[in-house]
Structure formats: structure tokens, C-alpha cells
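Examining the three-dimensional arrangement
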Amino acid sequence: MTNETIGDLHEDNWRQVCESLRSEIGEAAYQSWVKPMTIRGVADGAARISVPTRFMRDWVVAHYVDRLGVLWSALDASIACVDISIQPERSIKADTENTPAASPAPPVTEPMAAADKSQVDNRRASDISQVGISGPLDSRFTFDNFVVGKPNEFAYAAARRVAEAASVPFNPLFLYGGVGLGKTHLMHAIAQHICRQDPKRTVIYLSAEKFMYRFIRALKEQNTVDFKDMFRNVDVLMIDDVQFIGGKGATQEEFFHTFNALVDQGRQIVISADKSPSDLEGMEERLQSRLNCGLVADIHATTYELRLGILQSKAEQLKVDVPPKMMEFLAHKITSNVRELEGALNRVVAHSQLVGREITLETAQEVLHDLLRANDRRVTIEEIQKQVASHFNIRGSDMHSARRARSVARPRQVAMYLAKQLTSRSLPEIGRKFGGRDHTTVMHAVKKVEELRECDSSFAEDVELLRRMLEG
Ligand code: ADP
Ligand code: MG
């Protein structure tokens, strides 16, 4: 077996490892760090994984590599370690630094559908007056391509206002919402609109991770003056996924200073995060309160109508005929987020083009078999709490209460255990849903229930029954 031969077994194990890690670290961290990893092979007791950038490698090595090894060796004892290397996905550049003026459009962040390519090729670099440090913008993420509905109309209106205003209407604009609901899309749309309308205005768009990375690099190279200089003349500063700065002391401090300096000079700031400013973990109070000062706009979970609208718009962009019944079916079934919805449509379209057959509801069901099942199984912590409370005949409010009598504490532990098993929520998130308990309490509950299941068969049956009802 060569190094590059992976094999179904290893692929399966890798998928399982990813899923376990996902439930441990939560969806946001999973999307940022685990999803971009690719399995390259297994050789000599080492599993080889690649990531697209050096920064990711350093981060994964610092935070996740040990855990990956433990999870993997639990599935396959012959794996002793996990080896992380860098392998760029395609010719994606990390920055637009040193991009010659005559080069084509800025690099895009994700592979494009064929139909979008011409759009990009038609664009010119002079459209964009981003400065060096700025991250790449995805030319598909425009206001025109954004489908507006009840859940996102406020965020959309706020984003448009910032993009079109000659002076700063509110500062900062803080966009927040769950994964895959369109935050990055709106941010790119703002940046591209401003750059196109007035090429003299400078816009910096950065992920918070990159901000952090640049700052740490500047600290190491002892040129924080240069770092600060990069932001001095910017008209619009946009930082995406700012939750990643939480808990990072020095970076947060620097961000705070940069932020204040720019606000004082009347420059526009746009921030996105997965939570509201007040819910951001590890964020200093003074920074939270500054973030709260401008306009805070949240993007809610999608509705059926919005999902259907998005599918129709995407099908149009892809220039394919998709039966309305199939779109209705997908809009009903895939409720998690827009990214998954879009992915599902792309998969069905790609499949039909590959096998040269028309798209039908039946083929869609077949192609999306795994995805549909995953969406079916999605239960919420609230449902678990309700079901468990009624099963054990206690009040729903006891799930959050401080009461410690065993008659309520045990069911509560069962609910925490099921929340861990059946949702992708992290331990701290679960703890919060149970009356603001600590993640160690949840960990303890999970362990306790596992122990009891081993030694008490009627308890084990209870838990199994509940699980089946919830998965139903
Ligand atoms: P987030 O940054 O909130 O995690 P993204 O902005 O990356 O989410 O959106 C995920 C995908 O869904 C992108 O491809 C984006 O274009 C698409 N998307 C999200 N919301 C909409 C919308 N309202 N209309 C069209 N596409 C959308
Ligand atoms: Mg995003």
C-alpha cells in the first residue's frame, strides 16, 4: 500500500473521528478547523492529514491533534499518531499581497460552479481597491445574489445602508447569526459594493483568525508599528467571525485599540459573529459594550419560504431546470442552514449532469440519502428536556433549577447525556441550557449515565427508549 492509498476503512474511521470531534468542540470550531482537513493516507502507524494553510496547521497542532490521535486510536489501535501537513486546496492564495495591478479578480475562497466562472472572469482587479492585508472576496457574494426574507431582512437592510452611505450611518454594524446563514455573504457584498462604487475608498476585510495571526506575527517580528499602520488609512474595516478573538488577551486588546482609533476617526467598522455582543464568550466587557454601541442586527434561522426562494435563485444561477416539487422537498427537509441547502442542490445537479439524466425527486432522495437522514435526526436540547421531564414525571423547569434531589437530578443528567449524544452542541453550550451549569457538570452527568447504563439494566432501557423516541 502506498502512502496515498487510503481505503474505505480509514475513510470511515476518519469520518467518525470528525463527527466525534464535532460534538465535542461545537459547530463553529468544527467548520473552521476540522472540516477543511483532508485525509491523505495511513502509513506506519501514522494517519496523515492535510490542511490548506500554515496557520491552520499550527492551530490544529496546538489544539486538536492530540485529541484526534486519541479518538482515532480508539477506532483503530494501529494508529499511534496523527501527522498534519500543509497542502493548499488549489492555487488559493492566503492574501492578496503583492498582487500585480493587472491581475484578474481577487482569488475566491471556494470552488465555483461553472456558471459563475464567466462572471468572475469579466471582473477587473481595478474594481477592488482592497489594501494588502485584506482577505480574498468571493465574487458570488453580492447583494444581488442574496435572497431576502423575514429572517434576514433587517441584517440585509443594515448591510445595504452601510454599503451605500456616503458617511457612517452607525458604528459598528454588528451582524450575528448561526453558521451558514449568510454573514460572510453580506460582508463580502458590502466590501465589493463599496469598492466598486468608489475605488478610492479602502476596505479591509479580514477573518478574526487572520487578524489574530497577523498580530501575533507582528509581535514575534517586533513590528507592531507596521501592523498598526496597515489600519491607519482604512475607510472601512470588516472583521468576520469575531468570536474567535474571545479569550485571546493581547489580540483582543489590540483589536480594541484599533477599533477605538478607527471609530474616533469616523471610519466604518463592520463585525460579524455567531452570537450577540453580550453573549460572546471570553470577551472583555468594555469591548462588548463598544460592540453594542452601533447597530446590532441578527440573522435568524431560515424559514421554509426563504429556503425555497434561495433554491430557486441558485437553480437559476446554475442555469438548470429543477422540478418545483424537488425544491419544495429540499426546502422542507434541509432546515439546518443555507450552506447545507446549497450543497444539497449542487450535489443533485452534479449527479444528474454526470449520469446524463434529468433531475427528479427520486434521484434527489437517493443522492442525498445521508444528508436527509442527518437532518431528520436533528433534535433540539429543548425537545430532549421536555421528553425526559415527562418521562420521569418531573416539571420541565426542573431541568434548569438548582434542586439537587435525586428525583430531579438524575433525569436532568439523563437529559444532559442525551443532549451530548443526539445534538452537536458542545459541553459548555449544553451546560448553559441547563440553568447555566458548568461544562464539567455536563461531563460528570455523561459519565454517570454511562456508568449506570452498565450496571442497571432497567435504567439502560429507559435511556434507550428515550433515545429512540427522540430520534423517531
Ligand atoms: P455564514 O458566514 O453565516 O456562516 P455564509 O455567508 O458563508 O454563512 O453563507 C453560506 C452559504 O449560503 C454561502 O454560499 C452563501 O452564499 C449562501 N447564503 C446564505 N444566505 C443566503 C441568502 N439569503 N441568499 C443566497 N445565498 C445565501
Ligand atoms: Mg462566515
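Coordinates for the structure precede this section.
For the structure given in this document, a descriptive report is provided here.

How each quantity is defined
Residues numbered from 1 in each chain as written. Chains lettered and ligands numbered in written order. Predicted model: local features only at pLDDT ≥ 70, side-chain atom pairs only at ≥ 80, totals over all residues. Heavy atoms only, no water. Helix = DSSP H or I, 4+ residues; strand = E, 2+ residues; numbered from the N terminus. Buried < 20%, exposed > 50% of the residue type's maximum accessible area, 1.4 Å probe, protein only. Contact = heavy atoms within 4.5 Å. Pairing = 2+ DSSP bridges. Axes fitted to C-alpha atoms, helices over the stretch in contact; angles between N-to-C directions. Expected span 1.5 Å × (residues − 1). Arc of directions from axis to C-beta. Near = heavy atom within 4 Å. Polar contact = N/O pair within 3.5 Å; in protein donor to acceptor, adjacent residues only side chain to side chain. Nonpolar A, V, L, I, M, F, W, Y, C, P; charged D, E, K, R; others polar. Domains from an automatic or database assignment. Right-handed = clockwise from strand over helix to strand, strands pointing away.

Attention shifts here to the environment of Val-367. Tracing the backbone shows Val-367 in helix H15 (residues 361-367). You can call Val-367 buried: its relative accessible area is 18%. Expressed as a C-alpha distance, the spacing of Val-367 and His-351, which sit 16 residues apart in the sequence, is 7.6 Å. Other than its neighbours up to four places away in sequence, Val-367 contacts Arg-347 and His-351.

What follows is about the sheet that holds strand S5 (residues 203-207). Read across the open sheet, the 5 strands follow the order S5-S6-S7-S4-S8; overall the sheet is parallel. Edge positions in the open sheet fall to S5 and strand S8 (295-299), since each of these has one partner strand only. Direction aside, neighbouring strands of the sheet carry axes that sit 15° apart on average. Sheet analysis places strand S6 (residues 236-240) next to strand S7 (residues 268-273), joined by 4 bridges and oriented parallel. The residue of S7 that forms the bridge with Leu-237 is Ile-269. Docked against the sheet, helix H7 (residues 183-197) engages strand S4 (173-177), S5, S6, S7 and S8, running at close to 160° with respect to S6. The sheet contacts of helix H10 (residues 249-264) involve S6 and S7, and relative to S7 the element is tilted by about 140°.

Now for helix H20 (residues 439-455). For H20, spanning 17 residues, the distance from its first C-alpha to its last is 25 Å, which sits close to the expected 24 Å at 1.5 Å a residue. The set of residues buried in H20 consists of Val-442, Ala-445, Val-446, Val-449 and Leu-452. Taken around the axis of H20, the buried residues stretch over an arc of 135°, which confines them to a single face. Facing away from the buried side of H20 by over 90 degrees, the exposed positions are Lys-447, Glu-454 and Cys-455.

A few words on unusual backbone geometry. Cis geometry marks the peptide bond from Asn-171 to Pro-172; its omega dihedral reads -5°. Position of Pro-172 relative to the elements: it lies in the loop between helix H6 (153-164) and S4. Phi at Asp-241 takes a positive value of approximately 60°, unusual for a residue other than glycine. Looking at the element boundaries, Asp-241 is found in the loop between S6 and H10.

Inspection of the region around ligand 1 gives 18 residues, with Val-147, Gly-180, Thr-184, His-185 and Glu-342 positioned closest. Within the contact set of ligand 1, an oxygen atom lies 3.2 Å away from a backbone nitrogen or oxygen of Leu-181. Lys-314 places a polar side-chain atom, nitrogen or oxygen, 3.2 Å from a nitrogen atom of ligand 1. Across the shell around ligand 1, the residue classes break down as 7 nonpolar, 7 polar and 4 charged. Among the domains, domain 2 (153-299) and domain 3 (314-376) are the pair contributing at least three residues each to the shell around ligand 1.

Moving on, we come to the pairing of S6. For S6, the tally of buried residues reaches 5 of 5 residues, placing the bulk of the element in the interior. Burial along S6 is two-sided: Val-236, Met-238 and Asp-240 and Leu-237 and Ile-239, pointing in opposite directions, are all buried. Where S5 and S6 come together, 5 bridges link them in parallel fashion. Bridge pairing in S6 links Val-203 to Val-236. For the crossover that starts at S6, traverses H10 and ends in the parallel S7, the hand is right-handed.

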